[in-house]
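Analysis of the macromolecular model
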Amino acid sequence: MGRGKYYASLTVTLGLFLIFLVAFTIYTSRRQVSLSLASGQDAGAYFPLAESIASLIQRTHPRIKISVLQSDGSRDNARRIIAGEADVGLIQNDTEGDESLRSLVPLHQGALHFLVRRNSKIKSLADLENHRIGIGLESSGSHQLVHALLKHFELDMNKIDLVPVSIQDGCTKLESGNIDALLLVLSLKTPALDKLFTNNQVDLIGIGRHSGKGSVIDGFRLGYPFAEPYLIPRFAYAAPHGDQPGIPNEPVPTLSVPTILVSHRDLPDSVAREITKSVIENRKALTSQHLGAAMLDTPVDTDQLQFPLHDGAAAYFRRNEPGFLVRYAEVIALILSLLATTYAVSMAGKRWFIQRQKDRIDAYYLQLNDLLKRLAKTETSEELHTIESELQDIRSTALTLLARERLIPNESFRIFQSLLSEAAQESRQKRLALNLTDS
């Protein structure tokens, strides 16, 4: 194959490869992605909220398929994501995790509900000693917060019987009198609480007397910064009717912890961005189904997030609609790198090829120089015939290599031809000197 044909073939091959690479990248960017979303208990707010989020994302981005997994709560969800058992999940912002977790979007506030049986002697946290108290399951966010709260108020934990319970089980036990109080972080209007309040057997107790500056809640937050002061609104669960007071009859000061949609840091940026975009841009529909989702908004205060924003979510909040160059930046970088590498290899090959051509000409120079020396010393017709035969072989081989583009018709080749002519002239003169004819 000639040199021109070789480089043409290399160019076509490289072009076809780059076309294939771009087509493959576009295809993979649009292929279906299957994810799992860790939610919560079926009696709480996490599970229906997760189902709504999954349905919303699949409706707005058909390529993303999400299966919702029930779980015991925030800590269980964080563990699953870290272990690779789930891709995204709902967790309280105070949940312990590691550097692999990334925030996507804040969803809603979960309020600590301090529930006691009506007419109970428990009027504050200080009254919990010598009672049986229901708290969240060990894998829930409630469990962690309540332990920190009781420790902060320096209650004697040996005098409190703490009972880990699920949401439904806790409500049932409180209503039946198997526990004296219940401390759970729940969304307002959680169905299990609505049912509990309907039976008029429980009351809401506040954490301190108010939630403003200088309150006991502010004191707690010094050591637990991800909790926030919160007021459960008056009549949040029931308005007054007949001889029944509203629930609660007065605003109840308590703590809240934001619920965050999180993922593993390895979730592709494009997928994280699409999930965040779907949730934020459809927040009205989500809020209409889940009133607690009213905190969905932008921009996000990243200082309030325990886990850093995922790069894909951050790109959405910056509202950087990525163009082609941004979306395929990594691919373009790879293509440019391949082009640079191919060019470098091609140029190295070209230099090697030219050097080989030069080396061949140099070899012929040496052969011709040797033949000219032998011609000058030739005394017999046999020696002359041998030299002439070698000259003919060199001429024939060189012309063949030139035709195959293994030699370049440049200045070096013209010098070579001049030396050939000189050798032929010397041969004719030697024939005359030896009285030989050309026959």
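Residues numbered from 1 in each chain as written. Predicted model: local features only at pLDDT ≥ 70, side-chain atom pairs only at ≥ 80, totals over all residues. Heavy atoms only, no water.

1. A closer look at the overall build of the protein
- Counting secondary structure elements, the protein contains 14 helices and ten strands.
- When each of the 439 residues of the protein is scored for burial, the buried share is 43%.
- Partitioning the intrachain contacts of the protein with sequence separation of at least 6 by distance along the chain shows that 76% fall at a separation of at least 24.
- Working note: accessible area of the protein is about 23000 Å², and carbon and sulfur atoms make up 53% of it. (Helix = DSSP H or I, 4+ residues; strand = E, 2+ residues; numbered from the N terminus. Buried < 20%, exposed > 50% of the residue type's maximum accessible area, 1.4 Å probe, protein only. Contact = heavy atoms within 4.5 Å. Areas by Shrake-Rupley, 256 points an atom, 1.4 Å probe, with all protein chains shown as cover.)

2. Overview of the confidence of the model for the protein
- Looking at the protein as a whole, its pLDDT mean stands at 81, while 81% of the residues score no less than 70.
- Looking at the elements of the protein, mean pLDDT is at its lowest for helix 11 (residues 324–327), recorded as 57, and at its highest for strand 6 (residues 160–165), recorded as 94. (pLDDT = per-residue confidence, 0-100.)

3. Observations regarding the packing of aromatic side chains
- Taken as a whole, this structure holds three aromatic pairs when the rule is applied.
- Considering the side-chain rings of Phe220 and Tyr224, the 5.1 Å spacing of their centres and the 20° angle between planes classify their relative orientation as stacked. This pair shows no difference in class: Phe220 is buried, exactly as Tyr224 is. (Phe/Tyr/Trp six-rings, centres within 6.5 Å; stacked < 30°, edge-to-face > 60°.)

4. What to know about the nonpolar core
- Of all hydrophobic cores here, the largest spans 39 residues; its most connected members are Ile53, Leu90 and Ile275.
- In terms of residues, this core owes the most to one element, helix 2 (residues 46–60), which gives six residues.
- Grouped together as the second largest cluster of nonpolar side chains are 25 residues, Val116, Ile135, Leu155 and Ala181 included. (Core = buried A, V, L, I, M, F, W, Y, C linked by side-chain atoms within 4.5 Å.)

5. What to know about the pairing of strand 2 (residues 64–69)
- Where strand 1 (residues 33–38) and strand 2 come together, six bridges link them in parallel fashion. Bridge pairing in strand 2 places Val33 opposite Ile64.
- Handedness of the crossover joining strand 1 and strand 2 through helix 2 is recorded here as right-handed. (Pairing = 2+ DSSP bridges. Right-handed = clockwise from strand over helix to strand, strands pointing away.)

6. Remarks on empty space enclosed by the protein
- Applying the stated rule across the entire model yields one cavity of 30 Å³ or more.
- Size it by volume and the largest cavity reaches roughly 240 Å³.
- Those elements giving two or more residues to the lining of the largest cavity turn out to be strand 4 (101–117), helix 4 (141–152) and strand 7 (181–186).
- No other element matches strand 7, which puts three residues into the lining of the largest cavity. (1 Å grid on protein atoms, 1.4 Å probe; cavity = no way out; pocket = protein on both sides within 12 Å on 5 of 7 lines; lining within 4 Å. Points joined across faces, edges and corners; volume = space filled by probe spheres on them.)

7. Overview of the pattern of salt bridges
- Per the counting criterion, the structure on display carries ten salt bridges.
- A salt bridge links Lys173 to Asp169; its shortest N-O distance comes to 3.0 Å. Taken together, the residues span about one helical turn, with Lys173 and Asp169 both in helix 5 (residues 167–176) at a distance of four residues.
- We classify Lys173 as partly exposed; its relative accessible area is 21%.
- Taking the relative accessible area as the measure of exposure, Asp169 reaches 28% and is therefore partly exposed.
- For the salt bridge of Asp370 with Arg374, the shortest nitrogen-to-oxygen distance reads 3.9 Å. Here Asp370 pairs with Arg374, and both are found in helix 12 (residues 329–377), just four residues apart, close to one helical turn.
- Judged by its relative accessible area of 39%, Asp370 is partly exposed.
- A relative accessible area of 30% places Arg374 in the partly exposed class.
- When salt bridges that share partners are traced, they join Asp76, Arg79, Arg80 and Glu85 into one network. (Salt bridge = Lys/Arg side-chain N within 4 Å of Asp/Glu carboxyl O.)

8. Points about the packing of helix 5 against helix 6 (residues 191–198)
- In the contact formed by helix 5 and helix 6, the axes pass within 10 Å of each other and the chain directions differ by 10°. What the angle tells us is that helix 5 and helix 6 run roughly parallel. Contacts from Ile167, Gln168, Cys171, Leu174 and Glu175 in helix 5 reach Ala192, Leu193 and Leu196 in helix 6.
- Classifying every residue of the contact of helix 5 with helix 6 by side-chain character gives six nonpolar, one polar and one charged. (Axes fitted to C-alpha atoms, helices over the stretch in contact; angles between N-to-C directions. Parallel < 35°, antiparallel > 145°, perpendicular 65-115°, else oblique. Nonpolar A, V, L, I, M, F, W, Y, C, P; charged D, E, K, R; others polar.)

9. Describing helix 4
- Compared with the 16 Å implied by 1.5 Å per residue over twelve residues, the 17 Å span of helix 4 between its first and last C-alpha is a close match.
- Looking at helix 4, one finds that the buried residues are Gly141, Ser142, His143, Gln144, Leu145, Val146, Leu149 and Leu150.
- In the segment just after helix 4, Glu154 is the residue with positive phi, at about 55°. (Expected span 1.5 Å × (residues − 1).)

10. Focus: the environment of Glu426
- Mapping Glu426 onto the fold places it in helix 14 (residues 411–433).
- Each C-alpha atom, one on Glu426 and one on Ala376, is 8.0 Å from the other, the two residues being 50 residues apart in sequence.
- Setting aside its immediate chain neighbours within four residues, Glu426 contacts Leu372 and Leu375.

11. Focus on the packing of helix 2 against helix 8 (residues 269–281)
- Close contact between helix 2 and helix 8 brings their axes to 9 Å; oriented N to C, the two are set at 110°. In terms of orientation, helix 2 and helix 8 fall into the roughly perpendicular class. Here Ile53, Leu56, Ile57 and Thr60 of helix 2 come into contact with helix 8, specifically with Ile275, Ser278 and Val279.
- The residue inventory of the contact of helix 2 with helix 8, partitioned by class, reads five nonpolar, two polar and no charged.

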